[in-house]
Amino acid sequence: MQGEYNGKPIFRRRYVSMNEEAIREEINRLQDELYAMQEVLELFGKDNKDIRNQVQVGQESNERLLKALGKKVENLEEKIDYRTPLKAQLSETVEEFKEKINELYCENKKQGIEKSIKWLTILTIVNTVLLLGVIMLVGYSILFV
């Protein structure tokens, strides 16, 4: 027949031959199943809200990222000079980058050298003091012993 339910049967027994107590038990069972289904639907509703909120937050984040990316592309387009060849612009940018790296390297190297000189100076002072102490002990042992 058209429109007939062909899924899992919800009724375990036929009610025609059942006594009144068995029918009540069946009604209680069906009510328990109905309450369980309602709880599951409520949980799915809560999960759907969480999922929708996460999707919305993700979309907002993606929109912000796309706007930022668009701004960076616009800035890049503004910086590119279309009158000069791209190869020349690239080589100029690479040269600027190399200069900045060399400046940073030289500055770091200079700081390293300054630290080394400081330690060498301290070590020289300590060695001088120890050497003066040894000379004084040798002189004392020669003169007074």
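Note that this is a predicted model, so its numbers are computed, not measured. (Residues numbered from 1 in each chain as written. Predicted model: local features only at pLDDT ≥ 70, side-chain atom pairs only at ≥ 80, totals over all residues. Heavy atoms only, no water.)

Trainee: Where do I start with the pattern of salt bridges in this structure?
Mentor: Think of it this way: side chains of opposite charge can pair up when their charged atoms draw near. Considering all chains together, one arrives at three salt bridges under this definition. The salt bridge partner of arginine 29 is glutamate 26, with a shortest N-O separation of 2.4 Å. One end of the pair, arginine 29, and the other, glutamate 26, are both in helix 1 (residues 20–79), three residues apart, so they sit about a helical turn from each other. Both residues of the pair, arginine 29 and glutamate 26, belong to the buried class. Across the pair arginine 29 and glutamate 33 runs a salt bridge whose closest N-O atoms are separated by 2.4 Å. Residue arginine 29 and its partner glutamate 33 are both found in helix 1; the two are separated by four residues, about one turn of the helix. Glutamate 33 sits in the partly exposed class, given a relative accessible area of 28%. Several salt bridges converge on common partners, so that one network encompasses Glu26, Arg29 and Glu33. (Salt bridge = Lys/Arg side-chain N within 4 Å of Asp/Glu carboxyl O. Helix = DSSP H or I, 4+ residues; strand = E, 2+ residues; numbered from the N terminus. Buried < 20%, exposed > 50% of the residue type's maximum accessible area, 1.4 Å probe, protein only.)

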